[in-house]
Amino acid sequence: MAAMTPTPAPTAPDTGAAPAGTTAPAPASRPGRRPRPRVWRGAVLLLAGAYFLVPLIASFVFTVHVPGQGISFEAYTQLLSADGFTESMLLSLGLAAATIALSLLLAVPALVAVRLGSPRLRPVVEVMCMLPLVVPPIALVTGITTVLRWGPEHLSRTPFYQTFLAVQNEQFPVVLVLAYTVLALPFVYRSLDAGLRAVDVPTLVEAARSCGASWPYVVLRVLLPNLRSSLAGAAFLTLALVLGEFTIASLLGFRPFAVWIVTISGAHARMSVAVSILSLLITWLLLLVLSRAGTNPATVSSAPRTSPTSRKES
Amino acid sequence: MSPSTPASHSEGTAGGSTGRRRRRGPRTWLAALPLLVFTGLCFGVPLGAIAFGAVTRTDPSSGATRLTGEHLARSLQGPYLGSLIGSVQLSALTALIGGVLGVLIAQAVVTSRSQALRSAALTASGVLANFGGVPLAFAFIATVGISGVVTQLADLTSLGWSLYSFTGLAVVYLYFLIPLMVLVIAPALDGLRPQWREAAQNNGATGRQFWRHVGLPVLAPSLLGGFVLLFGTAFAAHATAAALVGGSVPLVTLKIADALSGNVLTGQENVALALGLDMILIAGLVMAVYLPLQRRSARWLR
């Protein structure tokens, strides 16, 4: 923190009419010191750029340059035919779709209801949605394995047992959808809450109802279009979360995308790095699309801000 | 959505009079019910299982369950305690470094006149802060791992560099912690009004004095909050470490995964649960510090 004192001093004077937020570097009044912030800023940004770009560039070089053989794009071309790639990718995408659907189906009615008629319920809903942030995924998974073990141990003679087996189906592990929905709730909540904040829900609903709209019509044609960008934001953050999730899936013994990368890394180091680069690009594209998704600047800028605390898998 | 009640349109508009709330309350409540039931079942039950398993022992032969502090005690001893300390050390160190560097970068970006640089840097931060987990580990293995590109070019091995160590892990963690700090602190730095600086200037304050008496006190909650958030993120991180170092660095997340994935004595699961409980307590403490700080900084900076 002490290190940041140097810059502001030169930028301080003469910012007069500069709008809050964009403090222009000091003009003429202290000509002798003018270059300083630029040098300082340039150095910081250069170093930061190097630190953040070198691993990306080096990873790409690693995937295309085979020592002694020259350039080859094999790691990328063989990807589609790689053993398990398609299955794990499809599994991840399916899980993501189910998670997005479930979390939105749970959160949208609850949040709209809180806005419309039950403001006293709001703290309850907020706490319920934000609490998963406090629990690291690895701790959550210890709890889930314990609960899943109850199935064979205590419930084997009850109908619940079938449920326990069904949620652990290898083809489509519902238990992962449930766990991911829990992990995604904080981001879905923040994104939707920001979107609802920008819309006067009671007035919109009253207006639509006064014009004779039915309730399904109000929700589908009035509310949801207004929430478009925050719905998209919630969906994209959830998608990114599910595609990258490793801890829960690997400890429960399933093999979606992130787990697959680790399993092939021993035999196909180049390919695992290639897939890692691709997944970064995919996340990048998702976030770019996300920031363009809405036309409302307020919700657009709020969307990326939900990402900082995102419990991405790390 | 249908449970959220047909509102008779003759009723008043925004705000919700008490009469309307009373009439609508019970039924709108129904729309929130699925969410509450879901979190109760899918989040509350596993949490309960952690807490219950961490403090009880079930005798396998008789099936009797009794309270015991043994698992929690074991989770605070020997290699388990070592892993907790290792995690806290790594998280504190990376949060501190990441926090300082993040502030420097954010300040460089915020004070820059270039709008393009600003939006590019913030978007990149958003992406990189989410670039954790397995892919990040592999990118670093390809870069500075044993046969990594930079390792070969710069001959890092002869300099004593190892990615699969505490330092290596810290360097990797910083890759997502610094952008996270930039994202968290940039709005706070934006919120420092230039007028405040001018006011201080007019009263004869030097830049140093401005920062000491105005800038830092206003930023302090955001800075602390950012640090705490970084700490929590690093503390909970598992996938990166799992893909990178396996077991060579003692971290509590890796110990839990070991204990869970079997090949260990029975009763170890309960120690895993106790470690999970320890983690939740530490993370809860972190959030208990973070949320009030965030609210406090929001008061100054809006």
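The structure displayed is predicted, hence computed values, not measured ones. (Residues numbered from 1 in each chain as written. Chains lettered and ligands numbered in written order. Predicted model: local features only at pLDDT ≥ 70, side-chain atom pairs only at ≥ 80, totals over all residues. Heavy atoms only, no water.)

This paragraph deals with the overall build of chain B. Looking only at helices and strands, chain B features 12 helices and 2 strands. In chain B, buried positions account for 53% of the 302 residues. Look at the contacts in chain B between residues 6 or more apart in sequence, and 68% of them connect residues 24 or more apart. (Helix = DSSP H or I, 4+ residues; strand = E, 2+ residues; numbered from the N terminus. Buried < 20%, exposed > 50% of the residue type's maximum accessible area, 1.4 Å probe, protein only. Contact = heavy atoms within 4.5 Å.)

Bringing the overall build of chain A into the picture now. Each helix and strand counted, chain A has 15 helices and 2 strands in total. Evaluated residue by residue, chain A yields a buried proportion of 54% over its 314 residues. If you take every contact in chain A between residues at least 6 apart in sequence, the share linking residues at least 24 apart comes to 72%. Here chain A displays about 13,700 Å² of accessible surface, and carbon together with sulfur accounts for 67% of that area. (Areas by Shrake-Rupley, 256 points an atom, 1.4 Å probe, with all protein chains shown as cover.)

Residue and element names in this part refer to chain A. Note that Thr-99 resides in helix H4 (residues 85-116). Judged by relative accessible area, which is 0%, Thr-99 ranks as buried. Discounting residues that sit within four places of it in the chain, Thr-99 has contacts with Val-177, Tyr-180, Thr-181, Thr-238 and Val-242.

This next bit is on the side chain of B:Asn270. Residue and element names in this part refer to chain B. Within the fold, Asn-270 resides in helix H12 (residues 268-301). Given the relative accessible area of 19%, Asn-270 is considered buried. Within the structure, Asn-270 has its side chain in polar contact with the backbone oxygen of Thr-56 (distance 3.3 Å). Those residues in contact with Asn-270 that lie beyond four places of it in its chain are Gly-53, Ala-54, Thr-56 and His-71. (Polar contact = N/O pair within 3.5 Å; in protein donor to acceptor, adjacent residues only side chain to side chain.)

Let us now look at the environment of B:Pro221. All names here are of chain B. Looking at where Pro-221 falls in the secondary structure, it is placed in helix H9 (residues 207-236). Through-space distance from the C-alpha of Pro-221 to that of Pro-194 is 19 Å; in sequence the pair is 27 residues apart. For Pro-221, the residues in contact, after removing those within four places along its chain, are Leu-293, Arg-296 and Ser-297.

We now examine the packing of helix H3 (residues 78-110) of chain B against H9(B). All names here are of chain B. In the contact formed by H3 and H9, the axes pass within 8 Å of each other and the chain directions differ by 135°. Between H3 and H9, the crossing angle belongs to the class labelled oblique. The way H3 lies across H9 gives a crossing that is right-handed. On H9, the residues that touch Leu-84, Ser-87, Val-88, Ser-91, Ala-92, Thr-94, Ala-95, Leu-96, Gly-98, Gly-99 and Val-103 of H3 are Leu-223, Phe-227, Leu-230, Phe-231, Ala-234 and Phe-235. The class makeup of the residues in the contact of H3 with H9 is 12 nonpolar, 5 polar and no charged. (Axes fitted to C-alpha atoms, helices over the stretch in contact; angles between N-to-C directions. Parallel < 35°, antiparallel > 145°, perpendicular 65-115°, else oblique. Left-handed = near helix turned anticlockwise from the far one by under 90°. Nonpolar A, V, L, I, M, F, W, Y, C, P; charged D, E, K, R; others polar.)

Residues and elements named next belong to chain A. A residue-level look at chain A finds 76% of positions with pLDDT of 70 or above and a mean pLDDT of 76. Overall, residues 1-35 carries pLDDT values under 50, and its contacts beyond four positions in sequence, including any with other chains, amount to 60 contacts. pLDDT under 50 marks residues 294-312. Its contacts with residues more than four places away, or in other chains, come to 44 contacts. (pLDDT = per-residue confidence, 0-100.)

Residue and element names in this part refer to chain A. Here Asp-200 lies in the loop between helix H8 (174-197) and helix H9 (201-210). A sequence separation of 162 residues divides Asp-200 from Arg-38, and the C-alpha atoms of the two residues are 44 Å apart. Separated by 2.6 Å, the side chains of Asp-200 and Thr-203 make a polar contact.

Glancing now at the packing of H3(B) against helix H11 (residues 252-260) of chain B. Residue and element names in this part refer to chain B. Look at H3 against H11: their axes get within 7 Å of each other, and the N-to-C directions meet at 140°. Comparing the axis directions of H3 and H11 gives the class oblique. On the side of H3, the interface is formed by Pro-79, Tyr-80, Ser-83, Leu-84 and Ser-87, while H11 contributes Val-252, Thr-253 and Lys-255. Looking at the contact of H3 with H11 residue by residue, the class counts come to 4 nonpolar, 3 polar and 1 charged.

With that settled, the discussion passes to the nonpolar core. Within the largest apolar cluster, 186 residues are counted, with the highest numbers of intra-cluster contacts made by A:Val125, A:Ile248, A:Leu252, A:Trp260, B:Leu169 and B:Tyr173. A per-element tally of this core places helix H7 (residues 166-191) of chain B first, with 18 residues. The residues touching A:Leu252, leaving out its near neighbours within four places in the chain, are A:Val141, A:Ile144, A:Thr145, A:Leu148, A:Val175 and A:Leu176. (Core = buried A, V, L, I, M, F, W, Y, C linked by side-chain atoms within 4.5 Å.)

With that settled, consider the packing of aromatic side chains. For the coordinates displayed, the defined rule picks out 11 aromatic pairs over all chains. Here the aromatic rings of A:Phe60 and A:Tyr76 are separated by 6.3 Å at their centres, their planes lie at 45°, and the arrangement is tilted. Taken as a pair, A:Phe60 in helix H2 (residues 35-64) and A:Tyr76 in helix H3 (residues 74-77) lie far apart in primary sequence, 16 residues in all. With relative accessibility at 38%, the residue A:Phe60 sits in the partly exposed group. Aromatic side chains B:Tyr173 and B:Phe176 sit 5.6 Å apart centroid to centroid with 45° between the ring planes, which places their arrangement in the tilted category. Remark: B:Phe176 and B:Tyr173 occur in helix H7; sequence separation between them is 3 residues, near one turn of the helix. Summarising the burial analysis for this pair, B:Tyr173 and B:Phe176 share the class buried. In textbook terms, an aromatic cluster arises when at least three aromatic residues are bridged by ring pairs, as seen for A:Tyr51, A:Phe52, B:Phe140 and B:Tyr175. Stacked on the ring of A:Phe62, the Lys or Arg A:Arg270 has its end atom at 5.3 Å from the ring centre. (Phe/Tyr/Trp six-rings, centres within 6.5 Å; stacked < 30°, edge-to-face > 60°. Lys NZ or Arg CZ within 6 Å of the ring centre and 35° of its normal.)

Another aspect to go through is a nonpolar patch on the surface. Residue and element names in this part refer to chain B. Where nonpolar side chains cluster on the molecular surface, the patch consists of Leu-93, Leu-96, Ile-97, Val-100, Leu-101 and Phe-166 and spans about 440 Å² of accessible area. The element contributing the most residues to the nonpolar patch is H3, with 5 residues. Phe-166 gets classed as partly exposed once you look at its relative accessible area, which sits at 30%. (Patch = residues over 30% accessible without salt bridge, like charges linked within 9 Å, V, L, I, M, F, W, Y side chains within 5 Å. Salt bridge = Lys/Arg side-chain N within 4 Å of Asp/Glu carboxyl O.)

Here the focus is H9(A). All names here are of chain A. Within the span of H9, buried status applies to Val-201, Pro-202, Val-205, Glu-206, Ala-208 and Arg-209. Taken end-on, H9 shows its buried residues confined to a sector of 165°, consistent with a single buried face. Downstream of H9 by a residue or two, Gly-212 has a phi angle that is positive, lying close to 90°. (Arc of directions from axis to C-beta.)

Here we come to the pattern of salt bridges. Residue and element names in this part refer to chain A. Applying the stated rule across the entire model yields 3 salt bridges over all chains. In this structure, the salt-bridge partner of Asp-193 is Arg-115, at a minimum N-O distance of 3.4 Å. Here the residue Asp-193 occupies a position in helix H8, and Arg-115 occupies one in helix H4, the gap between them amounting to 78 residues. Classification of Asp-193 as buried rests on a relative accessible area of 8%. Between Arg-197 and Asp-193 there is a salt bridge, with the nearest N and O atoms lying 2.5 Å from each other. Taken together, the residues Arg-197 and Asp-193, both in helix H8 and 4 residues apart, mark about one turn of the helix. We classify Arg-197 as exposed; its relative accessible area is 56%. Several salt bridges share partner residues, and in doing so they unite Arg-115, Asp-193 and Arg-197 into one network.

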